[in-house]
Amino acid sequence: MSESTLTDATSGASATHEPDALELGLPAPVPEPGLPGRVSIHEVGPRDGLQNESSLVPVTVKAEFIARLAAAGLRTVEATSFVHPKWVAQLADAEELMPRLTGLPEQYPGLRLPVLVPNERGLDRALAHHATEIAVFASATETFARRNLNRTAGEALEMFRPVVERAGAAGVPTRGYLSMCFGDPWEGPVPTAQVVGFGVRLLELGCTELSLGDTIGVATPGQVVALLEGFAAAGVPMGSIAVHFHDTYGQALANTLAALRAGVTTVDASAGGLGGCPYAKSATGNLATEDLVWMLHGLGIETGVDLRALVATSTWMAGQLGRPSPSRAVQALAGHAV
């Protein structure tokens, strides 16, 4: 039997394959009143995604990954971390990676390549390699601060004070990550007031943006709304807040939508759903960037991202890592579990 032909829904031309969703003009954009017209995606795959890999990823692969993400339209790509190699061996090649990224911001205007720094020594290394944006990583709970930063949560904030001040003096803005904002694997639920208190202190140090992390993926939409209302009551504008959800219980997209309805316009995500947290075993993968883009485009929200190119990038990266991508959009658009 000869293969039947299908009509291409977008061009009218005959084809010998079944068109995928993107070829059919899906997702169909249906805007929701009150949502932002554009959302900025803070891509964390090269740093937060790869830091939890059991095997070391070659620096050439990391550089190509970042270049592919930029080519797909992502304009904020967190490149690496200047943490001591004994803590995160997977990112020990930061000094080797950074020179390989030279020229990317010129090739892709508007591209930002922030890096994570743990302390002043990390800042020195980042500035020596011409980093133009940095991030620091704090905790909303004491137990996680002790396990991850080897000090109390308050002591960690004071450690970051000179980092933020020096970065600001050098014209380098600082993003503040706050982990364990919704639940802690040792302490359980985290009080809203506690999270708001630490978040406000990070902003008072001089951080220009605060990313609220659901490190172990236990948040639900009502909890997200309550926390954002707590920050609003403290006088923090939603334009200063980003959200960072893990999809442990399948709630990342629902939580993101709740945050968008509350006025948040910056969302962290990881290409292909890569990542976790080396200091919290219950932290599974980040929200997949492809799944996020599918939802945003379906809501008529601009991202600047070419979803097909992004899927191709995550398909390629999954091949480099030797395992399937957990992203549902990647699996669907690639035609199989890549």
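You'll find the structure just up there.
Residues numbered from 1 in each chain as written. Predicted model: local features only at pLDDT ≥ 70, side-chain atom pairs only at ≥ 80, totals over all residues. Heavy atoms only, no water.

### A closer look at the overall build of the protein chain
Phase 1 of the analysis: Each helix and strand in the protein chain was counted, giving 13 helices and 12 strands.
Phase 2 of the analysis: Reported as C-alpha extents along the three principal axes, the dimensions of the protein chain are approximately 70 × 45 × 35 Å.
Phase 3 of the analysis: Residues classed as buried in the protein chain amount to 54% of the 338 residues present.
Phase 4 of the analysis: A separation of at least 24 residues holds for 73% of the contacts in the protein chain among residues at least 6 apart in sequence. (Helix = DSSP H or I, 4+ residues; strand = E, 2+ residues; numbered from the N terminus. Buried < 20%, exposed > 50% of the residue type's maximum accessible area, 1.4 Å probe, protein only. Contact = heavy atoms within 4.5 Å.)

### Side note on the nonpolar core
Phase 1 of the analysis: L101, V115, L178, L202, L212, F231 and M317 are the most contacted members of the largest nonpolar core, which has 94 residues in total.
Phase 2 of the analysis: Apart from the residues within four sequence positions on either side, L101 is in contact with A63, I66, A79 and L113.
Phase 3 of the analysis: Formed by eight residues, the second largest nonpolar core is a distinct cluster that contains V44, L116, F137 and M180. (Core = buried A, V, L, I, M, F, W, Y, C linked by side-chain atoms within 4.5 Å.)

### Focus: the pattern of salt bridges
Phase 1 of the analysis: All chains considered together, the criterion is met by 16 salt bridges.
Phase 2 of the analysis: The residue E96 makes a salt bridge to R100 at a minimum N-O spacing of 3.5 Å. With E96 and R100 both in helix 3 (residues 94-100) and four residues apart, the pair spans about one turn of that helix.
Phase 3 of the analysis: The partly exposed category is assigned to E96, whose relative accessible area is 43%.
Phase 4 of the analysis: By relative accessible area, R100 is classed as partly exposed at 42%.
Phase 5 of the analysis: Here E209 makes a salt bridge to R175, at a shortest N to O gap of 2.7 Å. Of this pair, E209 sits in strand 10 (residues 209-214) while R175 sits in strand 7 (residues 174-179), and the two are 34 residues apart along the sequence. Taken as a pair, E209 and R175 share a single burial class, namely buried. (Salt bridge = Lys/Arg side-chain N within 4 Å of Asp/Glu carboxyl O.)

### A few points about the pairing of strand 12 (residues 266-269)
Phase 1 of the analysis: On strand 12, burial covers both faces: T266 and D268 on one face and V267 and A269 on the other are all buried.
Phase 2 of the analysis: One ladder, built from four bridges, connects strand 3 (residues 40-43) with strand 12; its direction is parallel. In the sheet register, H42 faces strand 12, and the bridge partner there is D268.
Phase 3 of the analysis: Here strand 11 (residues 241-245) pairs with strand 12 via two bridges, running parallel. Among the inter-strand pairings, V243 is bridged to a residue of strand 12, identified as V267.
Phase 4 of the analysis: Running through helix 10 (residues 252-261), the crossover from strand 11 to the neighbouring parallel element strand 12 is right-handed. (Pairing = 2+ DSSP bridges. Right-handed = clockwise from strand over helix to strand, strands pointing away.)

### Structural notes on the packing of helix 5 (residues 120-128) against helix 7 (residues 153-169)
Phase 1 of the analysis: At their nearest, the axes of helix 5 and helix 7 sit 9 Å apart, and the two run at 25 degrees to each other. With respect to each other, helix 5 and helix 7 are oriented roughly parallel. Here helix 5 runs over helix 7; the crossing is right-handed. Contact with helix 5, carried on its side by E120, L123 and D124, involves P162, V163, R166 and A167 of helix 7 and no other residues of that element.
Phase 2 of the analysis: Looking at the contact of helix 5 with helix 7 residue by residue, the class counts come to four nonpolar, no polar and three charged. (Axes fitted to C-alpha atoms, helices over the stretch in contact; angles between N-to-C directions. Parallel < 35°, antiparallel > 145°, perpendicular 65-115°, else oblique. Left-handed = near helix turned anticlockwise from the far one by under 90°. Nonpolar A, V, L, I, M, F, W, Y, C, P; charged D, E, K, R; others polar.)

### Section: the sheet that holds strand 3
Phase 1 of the analysis: With parallel pairing, the eight strands of this open sheet are ordered in space as 3-12-11-10-7-6-5-4. With partners counted over all chains shown, the strands left at the sheet margins are strand 3 and strand 4 (80-81), one partner each.
Phase 2 of the analysis: Strand direction decides the pairing type here: strand 4 and strand 5 (residues 115-116), joined by two bridges, are parallel. Within strand 5, the residue paired with S81 across the bridge is L116.
Phase 3 of the analysis: Taken strand by strand, helix 6 (residues 142-149) contacts strand 6 (134-139) and strand 7, and its axis lies near 130 degrees from that of strand 6.
Phase 4 of the analysis: Helix-sheet contacts for helix 10 involve strand 10, strand 11 and strand 12, and the interaxial angle to strand 11 is about 170 degrees.

### Here's the deal with the side chain of Q51
Phase 1 of the analysis: Take Q51: it is sitting in the loop between helix 1 (45-49) and helix 2 (59-71).
Phase 2 of the analysis: Separated by 3.2 Å, the side chains of Q51 and D48 make a polar contact. (Polar contact = N/O pair within 3.5 Å; in protein donor to acceptor, adjacent residues only side chain to side chain.)

### Describing helix 5
Phase 1 of the analysis: The complete set of buried residues in helix 5 reads G122, L123, R125 and A126. For helix 5, the angular spread of buried residues about the axis comes to 165 degrees, placing them on one side. Across from the buried face of helix 5, at angles greater than 90 degrees, the exposed residues are R121 and A128.
Phase 2 of the analysis: Where helix 5 is buried, its residues contact helix 3, strand 5, strand 6 and helix 7.
Phase 3 of the analysis: Residue N119 occupies the N-cap position of helix 5, its side-chain oxygen lying 3.2 Å from the main-chain nitrogen of R121.
Phase 4 of the analysis: Remark: H130 follows helix 5 within two positions and exhibits a positive phi of approximately 65 degrees. (Arc of directions from axis to C-beta.)

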